[in-house]
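Summary of the model geometry
Residue-level listing of the chains:
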Amino acid sequence: MYIRKSFTISAIIINVPEPNSILSLIALGTLGAGSVLKHNQRFKLSLKQLKKIS
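In this report, we go over the structure that sits alongside the text.

Rules behind the numbers
- Residues numbered from 1 in each chain as written.
- Predicted model: local features only at pLDDT ≥ 70, side-chain atom pairs only at ≥ 80, totals over all residues.
- Heavy atoms only, no water.
- Helix = DSSP H or I, 4+ residues; strand = E, 2+ residues; numbered from the N terminus.
- Rg over C-alpha atoms; globule rule 2.2 N^0.38 Å.
- Buried < 20%, exposed > 50% of the residue type's maximum accessible area, 1.4 Å probe, protein only.
- Patch = residues over 30% accessible without salt bridge, like charges linked within 9 Å, V, L, I, M, F, W, Y side chains within 5 Å.
- Areas by Shrake-Rupley, 256 points an atom, 1.4 Å probe, with all protein chains shown as cover.
- Salt bridge = Lys/Arg side-chain N within 4 Å of Asp/Glu carboxyl O.

1. A short note on the overall build of the chain
The helix and strand inventory of the chain stands at one helix and zero strands. Taken over C-alpha atoms, the radius of gyration comes to 28 Å for the chain, far larger than the 10 Å a tight globule of 54 residues would show. Referenced to the eigenvectors of the C-alpha coordinate spread, the extents of the chain come out at roughly 100 × 20 × 10 Å. Across the 54 residues in the chain, those meeting the buried criterion constitute 0%.

2. Let's talk about a nonpolar patch on the surface
Taken together, the side chains of F43, L47, L50 and I53 present a nonpolar region at the surface, about 440 Å² in accessible area. Positionally, L50 belongs in helix α1 (residues 19–53). A relative accessible area of 54% means that L50 is categorised as exposed.

Shown next as structure tokens:
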């Protein structure tokens, strides 16, 4: 006598971006943050120079 058992498997499909895409987004974010910091440093230096002149 055989007892037949049935089961179901459900899976969730998740789209994962390619590693190159992730690395390029990280690189762009790093460059953007660096340029903002550099801009702020230049701005602070120019304010110091204006204070010295006046």
